[in-house]
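Each chain, letter by letter, is given below.
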Protein chains: 2
Amino acid sequence: MKDNHSQHISQQFNAELEEIRNHLLAMGGLVEKQVNDAVTALVQADSGLAEQVRDGDRLTNQMERDIDEECVRILARRQPAASDLRLIISISKSVIDLERIGDEATKIAKRAILLSEEGESPRGYVEVRHIGEQVRKMVQEALDAFARFDVDLALSVAQYDKTVDREYKTALRELVTYMMEDPRSISRVLNVIWALRSLERIGDHARNIAELVIYLVRGTDVRHIGLEKMKQEVEGRPAS
Amino acid sequence: MKDNHSQHISQQFNAELEEIRNHLLAMGGLVEKQVNDAVTALVQADSGLAEQVRDGDRLTNQMERDIDEECVRILARRQPAASDLRLIISISKSVIDLERIGDEATKIAKRAILLSEEGESPRGYVEVRHIGEQVRKMVQEALDAFARFDVDLALSVAQYDKTVDREYKTALRELVTYMMEDPRSISRVLNVIWALRSLERIGDHARNIAELVIYLVRGTDVRHIGLEKMKQEVEGRPAS
């Protein structure tokens, strides 16, 4: 009887862990769409779509609250240990990054609305589209890595963040030069610069989630240790 | 014997909770100093001080890792419930905000270094000093609220964030106007704008910590509910 009972409890617990993980991935899917729509709204000057993104932020906020509550309930009732505990911790941290990605998507949407009011920026759309696609893919892959406990994919997301940072800086330099040549465009170009800044931040948050996947699977905190040591950690070689 | 034993365990547990709370407050004191030094370095063009801030970021990162490890250890060994669990959750989230405040201070320090290389910005120092002092105080008071479980002080920090956001926007508008009048200053003025942006983000993080204090003390998640409802929550009146 007792064995049946604990087996039942354990099945229930596993189902709860599976459920909360699914909620995280659903929230991730939504914010990924928010990023995509915000970028589209900006480059296509679609203020209707931008307003949808802005209004959709409420839903991601609500999802964050719900997932947080689930985490607290599981911690209080199930008192998870080892990898179950790491799963709850990774989820409760990833959800913060997802919510901030949603915030940044909203900020981009607001810039899209301003641009549709003030008139288009003369430059920067190619860069927004390009970097936007890169960070959307980072978010997607960070979530895939979470879904499949895939540390190699997580590592490649973290590595890719460097590329995004580099391209962001190049784009910024070009836009600053352009503003100097055409000062009347400053206000409009700045809207694009703020959008690029948000995209760069989204890349950082995707990287954070990727690092949490490595923590979840390997039990090692790989933040701030540098990409080389992170690679050694993932590949199981000792750090030199 | 058994009573003595559980009393001993409980005393030990309380000591652990006290210790981790002290570690959080120590980290908070350090990042508050980082914010203060970064602002001073920028307005006084002190690149030596800016370099100190930049190098000090390693210490805040290490403190974040250490506090995180303590949180996991307590969750795994002590299986806290109710207000003890909320304390651990609030600490593990506040530490993320503190680390990001440290990051933003580092970004301000890097702008100070750039400005000392490129030459001073013709405008914006008064605003950096003023908003810098406001957000430093927000960080300090959010930590005081955490130390004293003071929800009224936490509420006032959250409310104050609106003032900072408003002043940030005003400063930004003035600096954009200035850049249009003197395009050769764009690159230097942008350094100040990025610093102001970082200060505004620091205010957001201080507000997050204040919201966690309210969650810790009242057990209610007050994020995204608006200042009016937050006030009602703190004052114990039902939300209308």
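If you're wondering where the values come from, they're calculated on a predicted model, not measured in any experiment.

Definitions and limits used
- Residues numbered from 1 in each chain as written.
- Chains lettered and ligands numbered in written order.
- Predicted model: local features only at pLDDT ≥ 70, side-chain atom pairs only at ≥ 80, totals over all residues.
- Heavy atoms only, no water.
- Helix = DSSP H or I, 4+ residues; strand = E, 2+ residues; numbered from the N terminus.
- Buried < 20%, exposed > 50% of the residue type's maximum accessible area, 1.4 Å probe, protein only.
- Axes fitted to C-alpha atoms, helices over the stretch in contact; angles between N-to-C directions.
- Parallel < 35°, antiparallel > 145°, perpendicular 65-115°, else oblique.
- Left-handed = near helix turned anticlockwise from the far one by under 90°.
- Contact = heavy atoms within 4.5 Å.
- Nonpolar A, V, L, I, M, F, W, Y, C, P; charged D, E, K, R; others polar.
- Least-squares fit on C-alpha atoms with pLDDT ≥ 70 in both.
- Expected span 1.5 Å × (residues − 1).
- Buried area = accessible area lost by both parts, 1.4 Å probe.
- Salt bridge = Lys/Arg side-chain N within 4 Å of Asp/Glu carboxyl O.
- UniProt positions renumbered as here; feature names shortened; annotations may be inferred.

**Q** What is the right way to look at unusual backbone geometry in this model?
**A** Most of the time, phi is negative for any residue but glycine, and the peptide bond is trans. Positive phi, close to 60°, is recorded for His224 of chain A, a residue that is not glycine. Mapping His224 of chain A onto the fold places it in the loop between α6 (186-218) and α7 (227-235). Of note in the backbone geometry, Gln79 of chain B takes a positive phi value of approximately 45° without being a glycine. Counting through the fold element by element, Gln79 of chain B comes out in the loop between α2 (47-78) and α3 (82-118). Given the relative accessible area of 31%, Gln79 of chain B is considered partly exposed.

**Q** It is not clear to me how the packing of helix α4 (residues 125-148) of chain B against helix α5 (residues 151-181) of chain B should be interpreted in this structure. Could you clarify?
**A** Residue and element names in this part refer to chain B. Packing of α4 against α5 leaves a shortest axis separation of 10 Å and a crossing angle of 165°. When the axis of α4 is compared with that of α5, the two are roughly antiparallel. Between α4 and α5 lies a crossing of left-handed hand. Taken together, the residues of α5 that come into contact with α4 (itself represented by Glu127, His130, Ile131, Gln134, Val135, Met138, Glu141, Ala142, Asp144, Ala145 and Arg148) are Leu153, Ala154, Ser156, Val157, Tyr160, Asp161, Thr163, Val164, Glu167, Tyr168, Ala171 and Glu174. In the contact of α4 with α5, the residues fall into twelve nonpolar, four polar and seven charged.

**Q** What exactly am I supposed to notice about the relation of the copies chain B and chain A here?
**A** In this structure, two copies of a chain are linked by a rotation about an axis accompanied by a shift along it. For the pair chain B and chain A, the best superposition has an RMSD of 0.0 Å and corresponds to a rotation of 180° with a translation of 0.0 Å parallel to the axis. Taken together, the turn and the small shift mark the pair as related by a two-fold rotation axis. When the interface residues of chain B are mapped onto chain A, 100% of them again fall at the interface, so both copies present the same face.

**Q** Which parts of the structure should I look at to understand α6 of chain A?
**A** Every α-helix winds through 3.6 residues per turn, so residues three or four apart in the chain are directed the same way. Residue and element names in this part refer to chain A. Taking 1.5 Å of rise per residue, the 33 residues of α6 would be expected to cover 48 Å, and the 47 Å separating its terminal C-alpha atoms lies within 8% of that figure. With 29 of 33 residues buried, α6 is to be regarded as a mostly interior element. One or two residues past the end of α6 sits Gly219, with phi positive at roughly 75°.

**Q** I keep staring at the interface of chain B and chain A and nothing clicks. Help me out?
**A** Interface size is often expressed as the accessible area that is lost when the parts come together. Across the boundary between the two partners, chain B contributes 36 residues, which contact 36 residues of chain A. Of the roughly 3500 Å² buried where chain B meets chain A, counting both sides, 58% is carbon and sulfur surface. Its largest share of buried area at the contact with chain A, chain B owes to Arg65, Trp194 and Arg197 of chain B, together 17% of the area lost on that side. Inspection of the region where chain B meets chain A yields ten salt bridges. Mapped by element, the contributors of at least two residues to the side of chain B that touches chain A are α2, α3, α5 and α6 (186-218) of chain B.

**Q** Honestly, the UniProt feature "domain: PhoU" (unreviewed entry) in chain A in this entry has me stumped. Any pointers?
**A** Residue and element names in this part refer to chain A. UniProt's feature table lists "domain: PhoU" (unreviewed entry) at residues 25-111 and 128-213, given in the numbering used throughout. Each end of residues 25-111 is marked by a C-alpha atom, and these two atoms are 27 Å apart; helix forms 93% of the span and strand 0%. Secondary structure content for residues 128-213 is 93% helix and 0% strand, while the C-alpha to C-alpha distance between its ends is 28 Å.

**Q** What is the right way to look at the pattern of salt bridges in this model?
**A** Where charged atoms of side chains with opposite charge meet at close range, the side chains can pair. As enumerated under the stated definition, the model contains 40 salt bridges over all chains in all. A salt bridge links Glu235 of chain A to Lys231 of chain A, with the nearest nitrogen and oxygen atoms 3.8 Å apart. In this pair, Glu235 of chain A and Lys231 of chain A are both assigned in helix α7, four residues apart and thus about one turn of the helix distant. For Glu235 of chain A, a relative accessible area of 40% puts it in the partly exposed group. Note that Arg21 of chain B is salt-bridged to Glu18 of chain B, the shortest N-O span being 3.9 Å. Residue Arg21 of chain B and its partner Glu18 of chain B are both found in helix α1 (residues 2-43); the two are separated by three residues, about one turn of the helix. Through salt bridges with shared partners, a single ionic network connects Glu64, Arg65 and Asp68 of chain A together with Lys93, Asp221 and Arg223 of chain B.

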